[in-house]
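As a plain string of letters, each chain reads:
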Amino acid sequence: MKSLIVALRRVGGTLAAMALVSGALASGAAAAPTPVVFGAATATPKTQTVECPTTVKLTTTAKVKAPVTLAYQWVFANGTKSAVKQYKIGGKGIKPIRLTTTVKVTGDAKGWGAVRVISPVKKVSKKAWFAVSCTGADAHTGGSTWVGTTYVHEPEKPSTTAPAANPVTTVNLTAAPKDYAGRCPTDVALTASFLFAASAKPFVVTYRLRDSLGNTGQWRTMNVAAGPVAARTVDLGKIKTAKSGWHQVEVGQSNGLLSNRATHTIVCGVPAVTLNKAQAYPGQTVTVTAAFVGSDVKTISSKAFTPETHTAPAGKRDYTFDATVSPALGEHEVKAVFADGDTATAKLTVVADPSPVKGVKLTLDPAAHEGRCPIKVKVGATFDLTGYPAQALSIKWRPAGAEQWKTLAVPAGHGGSFTAQLDELTVTESKKGAYRIEIQQADNLKSNEVPFEYLCGEPSITLSAPTAHPGDTVKVTVKGFGSDVKTVTSKAFTPELHTAPAGKREWSFDAIVSAALGEHEVKAVFADNDTVSAKLKVEPVPNPVQKFTVDVDPATYVGKCPTDLEVTAKLAGIPAGVNSIQYKRVGTDTWTTLAIPAGHAEPYVVQLPSLRYTESGKASVQYVINQPDKLESNTEHVVVTCGEPTITLSKSEAYPGDQVKVTVNGFDSDIRKIYSDAFEPSTRDPLGTPRTYEYVAVVSDELGTHTVTAETYNGGKATATIKVVPDPNKVKGVHIWFGDDDYKGRCPVSLPLTVKFTGLPRGKQTIQYRIAGTTAWQSVEVNPVLGVAVETVRVPVTQSGKGSVKIEINQPDKLTSNAEGYEVECVQPSITLRPAVTRAGGEVEVEVKGIDSKVVRVYSEAFDPKEYKPKYPDEYYERDHTVGSKVAPGTYEVSATLADGTVLKAQLTVAPPQVKSIAFATSPTVPTNNKMACGTVVTVKATLTLAAPASAAQAVLWKSDRDNAWKTATVPAGQTSVTVDVLSYTVTKSKPDDKFIDVSVNQADDISETFKFEPYCQ
């Protein structure tokens, strides 16, 4: 088998193709030309409503005188045709034959097929008309596609067995759902099961629906192939109804077969949710009822409830429960959700409780005291706010018996309990009693009563002597009031801390005096953290140190200042045991105490406080001991040279891309690196180990104030600051272009112009621009990538013509883009008919240009059907429309409606049939052997002859298969024919690829002729 694509055209915005597949050719002897008599032309089925894709079988019978060889092809209503085929019929005498093709239909279709015999005579059979209406989800109604799949030719065989008179034996109809409850109307799906009797021939079944309301549907058809007893299930679609009833299938055959009655019971209702009250306050109970005949209750939810969501038990179509009201004040929606996804709502308003505080527990801290006065007593309270766990409240309270109310603000989110300090009382004298508060609300709530007792008094401490020497013993006596003695501490004692036995309100002990010379505090601490103190002066032993030397390290210093020099002292001749001495640096006034422990080394070496130098200079360092002989140390000579690394910048303020000169001096060390976020790159490593270094840094796009740091190898640092500010000329370049600089369409129009900004700093930027020649600045916010941002702006154009635009940037340098040209051609929507003059039954190509609006409807009283709505609307519409076969001659309006409401109109003239024959001729004449001189230009002409002389000038619509475009030829008044040029051909050594030329006339009988044309040269 081989396939030949014979037509490809646009139909209602889609492409439709017909493919014809040929069968094997029969062999036989050729016969001399003899007449061919066509019989009936049929389509099986002729009309049908089925799920697509489906097939239609077209058959034409004929009688020929054998032997003969027929050259023929199938032609179709959509302008396509099959390849020319040969059919050899052997034997002698009149032979009946059958020519068959199969058409595959994938969408709604209406058309015909006919057989055109080319030789031994030129003749066209009757048309086999068919119509298909597709059902189901895949039904296609815009631009039907039908494709010829196979065709055969065979001798006509007499029928041996006719289909049964009543081929359908039983029909069973089912309705789904059979029982329904819920919102109305609803869909009921109908399915029929047919049982067919055995048949030797295919047959067509007609049937229709009837219902309990007395309605009957349109007749439908179904093709059934020959074969044994068979069954078929047919989806009859869905009906939308709100009433119970039945449906029945009636079969169009002699016995009036009826199916069973498929009943459906429908109970209509809507979901609902009701409340026993419209208003409540937190903590109250509300009775909620949700019900729906069509589905079980699933959940009821509202922010007015705690918890928000309640889940109904399974299988409940009517559900009632009690909900606890939440503290969320205001009007809330109560929403019921059902198992089928349907919902119902009601409203509940939550108002404030007049007594929001349910309880209050009062505390005093402390509630009892014995000791010093005055003291502070904190009044605390914990409020029970279980009705308002998440809501802010204002509580008014006062001490019992007081006149003035105080206000406590409770923040939201307290969780139903809130603890706060209400007040702080001052107790200055001993007292005893009870304390409570009352709340200002509807129930006059009062707190618990808290008893209190406060005793006021003071503790004391005494020493056996006010002065002592290191190693002496001093008796200490401590008395508490309201609290036990805890500890006694003093730097005058060894050890410093003494801990009293437990439960001692009065305690005495002997303390050993330490070597810490000077006056010291002796401090007693009590169990209630109260304290009391006395003074003890420790005086030194006379001349305890015999020799005193000091060492300063380093004595010579060069580096960053301030700096600290270490001082080491060596003391010799100190008595054994604990000692305390005082010393100072010569030239200063303050003595410093040094405690020397028992068991010290001889000599005793100690680190004295460091000497700090803030600037360069020389100094002599000597110390003296505070004892009767004023013992002095040796003298150390110190030399200090101060300095540090430095860094200077040529600019303190710059913008991204600027150059800044950086100069660094390492002072006493080599430079290790220089770094800052203000520069790009951020780090600079000097080559080698220079003490001084200078380079030019490029400023980065990190805006703000930055530190520039230089580090040396000995840890030194130098810093400077620089401020990076935005470049006033943030856009360094701007380039524009039109994506489409040649516009054709409705005006006025805004042309999209692409603008590319370059050299931008990082981060979001706002750019002001305007189209050159305008006054208003526009703003655009961009987020550049690698300094580049691309935006689209609109250029308004109101009329046709050429022009150019530039973009100006609002910055100090007044940056301007390149000039970009454009051309605009303003056009309006249009409708064109090809041809504008036709015949009843003819075809008219309607072309609609919606420009910028889609074509949604084409209508004319002359068309069959009169109205066509594209399934997939487009701004461009092109489709062949058939003029009704019974349309009377005259002028008709053709209208096209656009999506924006625009209606386009054109005039179509329907003229009566007039051409009876078509004759071909060539100029020059092609000889019978078809041989001609190379390069000869041959013109093929066709003479169109009228049935009678024209009473007035007559227009004739014709076309050839070479361009398939309708043309108009005019027969002058009084004449019977007109000759038209069909083809101009230059003769070559090869015969034409297509040797058959078809010419047809657009009139009701669709007259056409085929001319064989195959000249060549040698």
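Going by an unreviewed UniProt entry, the protein chain carries the name Ig-like domain-containing protein and comes from Nonomuraea soli.

Caption draft 1: Region of interest: the overall build of the protein chain. Of regular secondary structure, the protein chain possesses 0 helices and 85 strands. Compactness check: the protein chain gives a C-alpha radius of gyration of 57 Å against a globular reference of 31 Å for 1018 residues, more than 25% above the reference. Taken along its principal axes, the extent of the C-alpha atoms in the protein chain is 165 × 85 × 60 Å. Within the span of the protein chain, comprising 1018 residues, buried residues form 42% of the whole. The distance from the centre of the 109 positive side-chain charges to the centre of the 97 negative ones in the protein chain is 16 Å.

Caption draft 2: Local environment of the domain arrangement of the protein chain. Splitting the protein chain by domain gives domain 1 (36-135), domain 2 (168-268), domain 3 (360-454), domain 4 (547-642), domain 5 (730-825) and domain 6 (915-1017). Computed from C-alpha atoms alone, the centre-to-centre distance between domain 5 and domain 6 is 58 Å.

Caption draft 3: Region of the structure containing the sheet that holds strand S56 (residues 659-665). A sheet is described by the order of its strands in space; here 3 strands give the open sequence S54-S56-S59, paired in antiparallel fashion. Strand pairing shows two members of the sheet lacking a second neighbour, strand S54 (646-649) and strand S59 (692-698), which therefore form its edges. Put simply, the sheet's adjacent strands are angled 20 degrees from each other on average, direction ignored. Where S56 and S59 come together, 7 bridges link them in antiparallel fashion. Pairing of lysine 661 across the sheet is with valine 696, part of S59.

Caption draft 4: Representation of the pattern of salt bridges in the model. Overall, the coordinates contain 34 salt bridges when judged by the stated rule. Note that aspartate 530 is salt-bridged to arginine 372, the shortest N-O span being 2.8 Å. Taken together, the positions of aspartate 530 in the loop between strand S43 (518-526) and strand S44 (531-538) and arginine 372 in the loop between strand S28 (368-371) and strand S29 (375-384) put the pair 158 residues apart, joining distant regions of the chain. The partner of lysine 991 in a salt bridge is glutamate 1014, and the shortest N-O contact between them spans 3.8 Å. Pair noted here: lysine 991 is in the loop between strand S83 (977-986) and strand S84 (996-1001) and glutamate 1014 is in the segment after strand S85 (1008-1012), with a separation of 23 residues, a long-range link. For lysine 991, a relative accessible area of 41% gives the class partly exposed. Salt bridges sharing common partners tie together Lys81, Arg116, Asp961, Arg962 and Asp998.

Caption draft 5: Structural detail: the packing of aromatic side chains. Inspection of the entire model under this criterion finds 16 aromatic pairs. Residues phenylalanine 196 and phenylalanine 203 carry aromatic rings whose centres are separated by 6.1 Å and whose planes lie at 75 degrees to one another, so their mutual orientation is edge-to-face. For the pair phenylalanine 196 and phenylalanine 203, a shared accessibility class is recorded, and that class is buried. An aromatic cluster of at least three residues, connected via ring pairs, comprises Phe194, Phe196, Phe203 and Tyr207. Between arginine 261 and the ring centre of tryptophan 246, over which it is positioned, the NZ or CZ distance is 3.8 Å.

Caption draft 6: Representation of the confidence of the model for the protein chain within the structure. Across the protein chain, pLDDT averages 87, with 94% of residues at or above 70. Taken together, the stretch residues 1-33 has pLDDT below 50 and engages in 89 contacts with residues farther than four places along the chain or on a different chain. Per-residue pLDDT stays below 50 along residues 157-162; that stretch engages in 5 contacts with residues further than four places along the chain or on separate chains.

Caption draft 7: Spatial organisation of the state of the cysteines. Enumeration according to the criterion identifies 6 disulfides in this entry. Between the sulfur atoms of cysteine 561 and its disulfide mate cysteine 642 the distance is 1.8 Å. Taking the sign of the S-S torsion, about -80 degrees here, the bridge from cysteine 561 to cysteine 642 comes out left-handed. With cysteine 561 in the loop between strand S46 (556-559) and strand S47 (563-572) and cysteine 642 in strand S53 (residues 636-642), the pair connects residues that are 81 residues apart, well separated along the chain. In this structure cysteine 561 comes out as buried when scored by relative accessible area, which is 16%. In the protein chain, the cysteines engaged in disulfides, taken in order along the sequence, are linked 1-2, 3-4, 5-6, 7-8, 9-10, 11-12.

Cut-off values and rules
Residues numbered from 1 in each chain as written. Predicted model: local features only at pLDDT ≥ 70, side-chain atom pairs only at ≥ 80, totals over all residues. Heavy atoms only, no water. Helix = DSSP H or I, 4+ residues; strand = E, 2+ residues; numbered from the N terminus. Rg over C-alpha atoms; globule rule 2.2 N^0.38 Å. Buried < 20%, exposed > 50% of the residue type's maximum accessible area, 1.4 Å probe, protein only. Lys, Arg positive; Asp, Glu negative; His and termini not counted. Charge placed at Lys NZ, Arg CZ, Asp CG, Glu CD. Domains from an automatic or database assignment. Pairing = 2+ DSSP bridges. Axes fitted to C-alpha atoms, helices over the stretch in contact; angles between N-to-C directions. Salt bridge = Lys/Arg side-chain N within 4 Å of Asp/Glu carboxyl O. Phe/Tyr/Trp six-rings, centres within 6.5 Å; stacked < 30°, edge-to-face > 60°. Lys NZ or Arg CZ within 6 Å of the ring centre and 35° of its normal. pLDDT = per-residue confidence, 0-100. Contact = heavy atoms within 4.5 Å. Disulfide = S-S within 2.5 Å.

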